[in-house]
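# Structural characterization, general
As a plain string of letters, each chain reads:
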Amino acid sequence: MKKDIILAGVGGQGILTIATIIGTAALKRGMHLKQAEVHGMSQRGGDVQSHLRLSDEAIWSDLISFGGADMILSVEPMEALRYLPYLNAEGWIITNAVPFNNIANYPDVEDIYSEIKSIPNHVLFEADTIAKEIKASRSMNIVVLGAAIKHLGFTQAEIEDAIRAIFARKGEAIVEANIRALQAGIAIGN
Amino acid sequence: MDALMLLGDEALAQGALDAGISGFYAYPGTPSTEIMEYVQRSKQAEGIHRTWSSNEKTAMESAIGMSFAGKRTMAMMKHVGLNVAADPFMNSAFTGANGGLLVAVADDPSMHSSQNEQDSRFYGKFAMIPILEPSNQQECYDMAFYGFELSEKYKVPVLIRLTTRLSHSRAGVVRRAPISQNGLKTPDDLFQFMLLPAIARKKYQHLIELQNDFVCESAKSPFNSFQFEAKDLSKGIICTGLAYNYLNEVFQGKEIPYPVVKICQYPLPNEQIHELYNKCDSLLILEEGMPLVEEQLKGLAFTGMKPIHGRLDGTLTRDGELNPNKVAKALGLPDTYGKPIPAVVTGRPPMLCVGCPHSDSYLALNEALTEYGRGHVFSDIGCYTLGFMPPYNAINSCVDMGASITMAKGAADSGHFPAIAVIGDSTFAHSGLTGLLDCIFDKSNVVIVILDNSTTGMTGGQDYTAFGKLEDICAGLGVEKEHIRVFVPFKKNFPEMVQIYKEEIAYNGVSVIIPRRECVQTLKRKHKMEG
């Protein structure tokens, strides 16, 4: 298996946590992994992205090629579109539909949705709303991850194990909130 | 041992720890910061020097001192930090090392978080010392061991050059058994670190004599490789650092048809480069950064008998970092660029955080300056540089660390009024003090605003050497006590803040204003930790 994933969002929305969870599950399978992150100036409320590469074979480049990504996994709708040049023709966009509006000239959200819907393989849904409904409002990122795991080729059990390993030190309540978020996202993805 | 998932920065740090280092010296700077942050988190590093230095020059000098004492040590900085440390760095090539001395510099091609994209390999060549340029995280780790050995074998400092995509990318790294630290041992030759002209001339001769040894080391380096056998000799490829990965990415699953030379240790092994040139009809140079290898190969008298392609002739972009697609195009392969970014997508530049103390300080400063119009505020590098963005549009310059104060001074010397400097508290500790002393010496008519958020903000909240001492430092340097003004930048204090700015603008002399309120990011983190 080989998966190249662009994770997208705005600084502070939790894309690196998504990367860590997928990465933990991939390592447990004995896969190779490379993960390029954005640090520094760009994190101050600006757009952020991470290139996450998983493969059964050795991986060379830290960066995904343009046209090489199997998935854009985004916690913000406009940010999903920013990385469209990376997506391959059969690739998936899986994104939160709730805008993170910290700029004066944020475009009409319907224009953003119609661009996302023009990509044949897409999942566009209000992850923030779902996270609130299941009383896991800080786990919106995990809801988005849940919607993606089928297309990433991971089982629910594998991702749950990774979540338990990563959040264990934060206490059972946080682990459970994230598991609920994952399950709610999986329901959307199926 | 199991593989650890480490950033390139972290792999270098772990490598240095396992290779028996005794002290790390650094000032934060993207993309190098995570080297020291990793060490500060590491239990293994207890008892090893790992606190931040005031700036890159003091860091480099401290590392030279530790090397003098026989211990292994490393100075770490971003590329422009090496400009600050250039004086001790260049001279360390003459003094040489006693204990292993590594200088780790993280370059930022494409300027993700920097004001230029200078290539530190030029500094290494300038200083005539060996350069190591890892191409992956494992090499970052291994090069710490190798670098210390090389440094101690020839008694020279060794430059390790990282770039953003390696510094900030994570992959599996396999550790070796740690080795113990060196004991204290003063140099055998007590003239070694004495660069008086008569000694320095001998040192330079010695460094010149070592050049051939360095080339031989590159020729047999485990990090360089020479694949001369290939089916297609129309092109020979030289890759440096990360470019080697992009080449392999492009040909993944297929055999590379051309001869390939991988360079991760410099100076260039010239015999092998000649062999490649003689064997092939043309050369393609793939390097992450500026065209250092390409320029060396072409030289001024290059007649173009055989074409050498690279960044200089437009085969690759002259600026910016490489990626697999740029490399594919340079090889004449099709580009796989996906759909273009839809026009509806707008930019989302970095900005001051909601609730940032700097935003209140800037809004009040703008108000105080209304009657003078724009073009009076000099600034430099830090979170506060984002005061350039709307709605603040508050600053008019960003050149280098500390330049706010000295540029304001120069403008004031010319008669420009008012001349305001805006500098962060950590940047003031880095290189503001000497500029302030210049202002006091000349009684310059400047207002220096030290935006005190009590941390090094832009790089993620590191502590710094002048914390809690700003008023004492300013008074000690000679600023009159009644012209050191402190306020808390909150909206509710707006009238008082504007009034203080106006009063100090009206004063003909050196004023220091310190708006003091903790960074909202570090505050948030503290609250989280306290639960």
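Residues numbered from 1 in each chain as written. Chains lettered and ligands numbered in written order. Predicted model: local features only at pLDDT ≥ 70, side-chain atom pairs only at ≥ 80, totals over all residues. Heavy atoms only, no water.

### Topic: the overall build of chain A
When its secondary structure is counted, chain A shows seven helices and six strands. Here the C-alpha atoms of chain A give a radius of gyration of 15 Å, agreeing with the 16 Å that 2.2 N^0.38 yields for 190 residues. By its C-alpha atoms, chain A is 40 × 40 × 35 Å across when sized along the principal axes. Here chain A holds 190 residues, and 59% of them are scored as buried. (Helix = DSSP H or I, 4+ residues; strand = E, 2+ residues; numbered from the N terminus. Rg over C-alpha atoms; globule rule 2.2 N^0.38 Å. Buried < 20%, exposed > 50% of the residue type's maximum accessible area, 1.4 Å probe, protein only.)

### A word on the overall build of chain B
When you go through chain B residue by residue, the secondary structure sums to 20 helices and 18 strands. Taken over the C-alpha trace, chain B has a radius of gyration of 25 Å; the compact-globule value for 531 residues is 24 Å, and the two agree within 12%. Along the longest, intermediate and shortest principal axes, the C-alpha atoms of chain B span 75 × 65 × 55 Å. Taken across its 531 residues, chain B has 58% of its residues classed as buried. Summed over all atoms, the accessible surface of chain B reaches about 21,300 Å², with 57% contributed by carbon and sulfur. One finds the centroid of the 49 positive side-chain charges in chain B at a distance of 3 Å from the centroid of its 59 negative side-chain charges. (Areas by Shrake-Rupley, 256 points an atom, 1.4 Å probe, with all protein chains shown as cover. Lys, Arg positive; Asp, Glu negative; His and termini not counted. Charge placed at Lys NZ, Arg CZ, Asp CG, Glu CD.)

### Thoughts on the layout of surface pockets
A water-sized probe rolled over the atoms picks out the places where empty space is left. Residues and elements named next belong to chain B. As a volume, the second largest pocket reaches approximately 710 Å³. Surrounding the second largest pocket, 40 residues form its lining, Gln115, Ile381, Gly382, Met401 and Thr427 being those nearest its centre. Contributions of two or more residues to the lining of the second largest pocket are made by helix H3 (56-68), helix H4 (79-84) and helix H16 (425-431). A total of five residues in the lining of the second largest pocket trace back to one element, the largest contributor, which is H16. In the lining of the second largest pocket, the residues fall into 12 nonpolar, 23 polar and five charged. Residue-level mapping places the lining of the second largest pocket at the junction of two domains, with at least three residues from each of domain 1 (4-217) and domain 3 (357-524). (1 Å grid on protein atoms, 1.4 Å probe; cavity = no way out; pocket = protein on both sides within 12 Å on 5 of 7 lines; lining within 4 Å. Points joined across faces, edges and corners; volume = space filled by probe spheres on them. Nonpolar A, V, L, I, M, F, W, Y, C, P; charged D, E, K, R; others polar. Domains from an automatic or database assignment.)

### Here's the deal with the nonpolar core
Residue and element names in this part refer to chain B. Among the nonpolar cores identified, the biggest contains 102 residues, and Phe24, Met74, Phe89 and Leu286 are the most heavily contacted of them. A per-element tally of this core places helix H7 (residues 137-154) first, with nine residues. When near neighbours in sequence (up to four residues on either side) are disregarded, Leu286 contacts Ile237, Ile238, Cys239, Thr240, Ala243, Leu247, Leu316, Leu322, Val327 and Ala330. (Core = buried A, V, L, I, M, F, W, Y, C linked by side-chain atoms within 4.5 Å. Contact = heavy atoms within 4.5 Å.)

### Considerations on the interface of chain B and chain A
Each side of the interface is counted separately: chain B has 47 residues, and chain A has 45 residues. Taken together, the two surfaces of chain B and chain A that pack against each other cover about 4,000 Å², and 57% of this comes from carbon and sulfur. Applying the counting rule to chain B against chain A returns four salt bridges. Mapped onto the side of chain B that touches chain A, the elements with two or more residues apiece are strand S1 (4-7), strand S7 (169-173), helix H10 (243-250) and helix H13 (324-330) of chain B. At five residues, H10(B) tops the list of elements feeding residues into the side of chain B that touches chain A. Considered class by class, the residues forming the side of chain B that touches chain A number 21 nonpolar, 19 polar and seven charged. The pairing of strand S2 (residues 32-36) of chain A with S7(B) spans three bridges and is classified as antiparallel. Paired with Ala36(A) across the two strands is Ser169(B), which belongs to S7(B). (Buried area = accessible area lost by both parts, 1.4 Å probe. Salt bridge = Lys/Arg side-chain N within 4 Å of Asp/Glu carboxyl O. Pairing = 2+ DSSP bridges.)

### A few points about the state of the cysteines
Residue and element names in this part refer to chain B. Within this structure, the stated rule accounts for zero disulfides over all chains. Looking at Cys140, it has no disulfide partner, and the nearest cysteine sulfur is the one in Cys264, 10.0 Å off. The thiol sulfur of Cys398 is not disulfide-bonded, and the nearest other cysteine sulfur, from Cys383, lies at 12 Å. (Disulfide = S-S within 2.5 Å.)

### What about a nonpolar patch on the surface?
Residue and element names in this part refer to chain B. Together, Leu190, Phe191, Met194 and Leu196 line one region of the surface with nonpolar side chains, adding up to about 430 Å² of accessible area. For Leu190, the location among the structural elements is in the loop between S7 and helix H9 (197-219). Exposure remark for Leu190: the relative accessible area of 59% places this residue in the exposed category. (Patch = residues over 30% accessible without salt bridge, like charges linked within 9 Å, V, L, I, M, F, W, Y side chains within 5 Å.)

### Some thoughts on the environment of Ala104(B)
Residues and elements named next belong to chain B. Counting through the fold element by element, Ala104 comes out in strand S4 (residues 101-107). Relative accessible area serves as the criterion here: at 1%, Ala104 is assigned to the buried category. Along the chain, Ala104 and Cys439 lie 335 residues apart, while their C-alpha atoms are 34 Å from each other.

### Some thoughts on empty space enclosed by the protein
Here the structure, examined in full by the defined rule, presents two cavities of 30 Å³ or more. By volume, the largest cavity amounts to about 80 Å³. Forming the boundary of the largest cavity are 13 residues, of which Arg44(A), Cys353(B), Cys356(B), Cys383(B) and Cys519(B) lie nearest the centre. At the level of secondary structure, the elements contributing two or more residues to the lining of the largest cavity comprise helix H14 (357-368) and helix H20 (520-530) of chain B. Residue composition of the lining of the largest cavity, by class: nine nonpolar, three polar and one charged. If you add up the space inside the second largest cavity, you get close to 30 Å³.

### With respect to the domain arrangement of chain B
Residue and element names in this part refer to chain B. According to the domain assignment, chain B contains domain 1 (4-217), domain 2 (225-330) and domain 3 (357-524). Listed as interface residues are 26 residues of domain 1 and, on the opposing side, 26 residues of domain 2. Interface area for domain 1 against domain 2, summed over the two sides, is near 2,100 Å², with a carbon-plus-sulfur share of 54%. Counting every contact that joins domain 1 to domain 2 gives three salt bridges. Residue Glu321 is joined to Arg165 by a salt bridge in which the shortest nitrogen-to-oxygen separation is 2.9 Å. At the junction of domain 1 and domain 2, the tally comes to 15 residue pairs in polar contact (both at pLDDT 80 or more). Within the side of domain 1 that touches domain 2, the residues separate by chemical class into 12 nonpolar, five polar and nine charged. (Polar contact = N/O pair within 3.5 Å; in protein donor to acceptor, adjacent residues only side chain to side chain.)

### Digging into the side chain of Ser511(B)
Residue and element names in this part refer to chain B. Looking at the element boundaries, Ser511 is found in strand S18 (residues 510-515). For Ser511, the side chain forms a polar contact with the side chain of Glu504, separated by 2.7 Å. In contact with Ser511, other than residues within four places in its own chain, are Val446, Val447, Ile448, His483 and Glu504.

### Description of a positive patch on the surface
On the surface, Arg138(A), Arg169(A), Lys170(A), Lys524(B) and Lys528(B) cluster together into a patch of positive charge. Relative to the helices and strands, Arg138(A) is located in the loop between helix H4 (127-133) and helix H5 (140-152). The exposure class assigned to Arg138(A) is exposed, which follows from its relative accessible area of 73%.

### Quick notes on the packing of aromatic side chains
The final tally for this structure, using the stated rule, is 14 aromatic pairs over all chains. Measuring from ring centre to ring centre gives 5.6 Å for Tyr141(B) and Phe145(B), while their planes differ by 50°; the resulting arrangement is tilted. One end of the pair, Tyr141(B), and the other, Phe145(B), are both in helix H7, four residues apart, so they sit about a helical turn from each other. By the ring-pair criterion, three or more aromatic residues cluster together here, those being Phe66(A), Tyr86(A) and Tyr337(B). The cationic tip of Lys306(B) hangs over the ring face of Tyr277(B); the distance from NZ or CZ to the ring centre is 5.0 Å. One Lys or Arg, Arg517(B), reaches over the ring of Phe490(B) and ends 4.2 Å from the middle of that ring. (Phe/Tyr/Trp six-rings, centres within 6.5 Å; stacked < 30°, edge-to-face > 60°. Lys NZ or Arg CZ within 6 Å of the ring centre and 35° of its normal.)

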